[in-house]
Amino acid sequence: MRDGKESRIGTALLAWYDREARVMPWRTGPEAWRAGERPDPYRVWLSEVMLQQTTVAAVRDYFRRFTARWPDVHALAAAADADVMAEWAGLGYYARARNLLKCARVVSHDLDGRFPETVEELRKLPGIGPYTAGAIAAIAFDAPAVVVDGNVERVVARIFAVTDPLPGVKPELTRLAECLTPQERPGCHAQAMMDLGATICSPRNPACGLCPVRVDCAGYDAGLQAELPRKAPKPEKPVRRGFAYVAVGPAGGVLLERRPEKGLLGGTLGFPGSDWCEAPDPAPPFAADWQEAGSLRHTFTHFHLDLTVMVARAARPGMTPKAQFRPADLPTLMRKAWNIAEAAISSQQG
DNA sequence: CACGCGTGGTG
DNA sequence: TCACCAAGCGT
């Protein structure tokens, strides 16, 4: 399985990681690791869920706020749903936040607060798929799990000069990643692969001159490093339109609603509005003197949204009082809508 | 299994 | 400006 080349790559990678490992709030660095310190599984799990399809830079402050407010899995399990959704607001992919809370409650109530140590058991928990299960097993419990994220796909495709496109070639990349996974320090190896992919073996303009495994990189030898991994072309994003209605009461209260659990922005707070489609009908939540405040474009995973923001001053039952309304609790789209509405209202009334 | 699901940085 | 991309998962 692991012949001279694979073994040499693993050794070079670990030596590089020992020198260059990135410092992150959820990590135990190589030095502390060697001194016997191990990362807290709760923090590993929380960071890995936040990092799903999300950059390190975006996660840092969210991770700090979550761990300051909920230092362990029991504290998080006891949190109110609305508080967790508010703290997650802006990070995106809100199903992660709902599954995070479900998972915390299972671990807290059914597993006595201890995360499972095997990939098989971790996989059964909500929000933990093949990648996250492997990452927790490797990083928190130092199990020789295979950890394949977008970084590892790229690194492996380049090292072995795999030219077939994703996603079809993913199983082969996983097998190749398995060949590189050592029995010793698998957690450090997993983090080293991801650090290499995030810094040197980057998607565009890889810094091969600094790469610890360049001498064993078939992609570099073939001059293909910048083109790998190949990916199937993505369909164009359609444009949808919609209306959002921001009602502000005499004392500054705001009319908000919580969206359904499933679907786009599921479980988040927002302003009432129309459907989002090619040609939506206006859909004011009640009759009032609605004025157009402006519009915005927001891009989701699979479509662009052009949203027209309407405002009215009106008292309504069920408004969120001004003192309890924090725009930071809203997903980014709704925060943008609020910024437009607020500017219009303050300029119109002075 | 292909698709739905956010957001901010970047070239 | 805008398409692409990032430590994927659930259905």
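All of these numbers come straight from a predicted model, not from anything done at the bench.

Asks: Break down the overall build of chain A for me, citing the residues and quoting the values.
Replies: Of the regular secondary structure elements, chain A holds 14 helices and 5 strands. In terms of overall dimensions, chain A has a C-alpha envelope of 75 × 50 × 35 Å along the principal axes. Taking all 350 residues of chain A together, 36% fall into the buried category.

Asks: Break down the protein's contact with DNA strand C for me, with residues and values.
Replies: In the vicinity of DNA strand C there are 28 residues, among which L51, G129, T132, G150 and N151 approach most closely. Residue composition of the surface near DNA strand C, by class: 11 nonpolar, 12 polar and 5 charged.

Asks: How would you sum up the sheet that holds strand 5 (residues 304-313)? Please name residues and give values.
Replies: A sheet is described by the order of its strands in space; here 3 strands give the open sequence 1-5-4, paired in mixed fashion. In the strand order of this sheet, the two ends are held by strand 1 (239-248) and strand 4 (291-299), each with one partner. With direction set aside, neighbouring strand axes in the sheet form an average angle of 25°. Of the pairings in the sheet, the one linking strand 4 to strand 5 comprises 8 bridges and is antiparallel in character. Among the inter-strand pairings, Q291 is bridged to a residue of strand 5, identified as V311.

Asks: Account for the protein's contact with DNA strand B, with residues named and values stated.
Replies: Around DNA strand B lies a shell of 22 residues, among which T54, G92, T301, P331 and T332 are the nearest. When grouped by side-chain class, the residues that make up the surface near DNA strand B number 10 nonpolar, 11 polar and 1 charged.

Asks: Give me the lowdown on unusual backbone geometry, citing residues and values where you can.
Replies: Cis geometry is found at the peptide bond from L166 to P167, where omega equals 5°. Cis geometry marks the peptide bond from L228 to P229, where omega comes out at -5°. Structurally, the position occupied by P229 is in the loop between helix 13 (218-221) and strand 1. You will see that D112, though not glycine, has its phi angle at about 60°, which is positive. Mapping D112 onto the fold places it in the loop between helix 7 (95-110) and helix 8 (119-122). The phi angle at A161 is positive, at roughly 50°, despite the residue not being glycine. On the secondary structure map, A161 appears in the loop between helix 10 (150-159) and helix 11 (170-180).

Asks: How would you explain the domain arrangement of chain A if you had to name every residue and give the values?
Replies: Domain annotation for chain A reports domain 1 (4-227) and domain 2 (239-349). Once you take the C-alpha centre of each, domain 1 and domain 2 turn out to be 36 Å apart. Facing 7 residues of domain 1, the contacting portion of domain 2 comprises 10 residues. Every element with two or more residues in the side of domain 1 that touches domain 2 is listed here: helix 6 (81-88) and helix 7.

Asks: Outline the environment of F243, supporting the account with residue identities and numerical values.
Replies: Relative to the assigned elements, F243 resides in strand 1. For the pair F243 and D216, spaced 27 residues apart in sequence, the C-alpha separation works out to 55 Å.

Asks: Go over helix 12 (residues 186-199), please, and point to the residues and values.
Replies: With 14 residues, helix 12 should reach 20 Å at 1.5 Å per residue; the first-to-last C-alpha distance of 20 Å fits that figure. Of all 14 residues making up helix 12, 12 are buried, and the element is well covered by its neighbours. Of the surrounding secondary structure, the elements contacted by the buried residues of helix 12 are helix 1 (4-20), helix 2 (30-34), helix 9 (130-141) and helix 10.

Asks: Which residues make up the pairing of strand 5, and what values go with them?
Replies: Across 10 bridges, the pairing between strand 1 and strand 5 is parallel. Directly across from Y245, in strand 5, lies its bridge partner M310.

Asks: Give me the nonpolar core: which residues, what numbers.
Replies: Nonpolar side chains in soluble globular proteins tend to end up buried together. Core analysis: the biggest nonpolar cluster contains 92 residues, and I136, V156, A244, V246, V309 and A337 have the highest contact counts within it. Taken domain by domain, the makeup of this core includes at least three residues from each of domain 1 (4-227) and domain 2 (239-349). If we ignore the near neighbours within four places in the chain, the residues touching V309 are A244, V246, A293, G294, S295, L296, A337, I340 and A341.

Rules behind the numbers
- Residues numbered from 1 in each chain as written.
- Chains lettered and ligands numbered in written order.
- Predicted model: local features only at pLDDT ≥ 70, side-chain atom pairs only at ≥ 80, totals over all residues.
- Helix = DSSP H or I, 4+ residues; strand = E, 2+ residues; numbered from the N terminus.
- Buried ≥ 20, exposed ≤ 12 C-beta atoms within 10 Å, placed from the backbone.
- Near = placed C-beta within 6 Å.
- Nonpolar A, V, L, I, M, F, W, Y, C, P; charged D, E, K, R; others polar.
- Pairing = 2+ DSSP bridges.
- Axes fitted to C-alpha atoms, helices over the stretch in contact; angles between N-to-C directions.
- Domains from an automatic or database assignment.
- Contact = placed C-beta atoms within 7 Å.
- Expected span 1.5 Å × (residues − 1).
- Core = buried A, V, L, I, M, F, W, Y, C linked by C-beta atoms within 7 Å.

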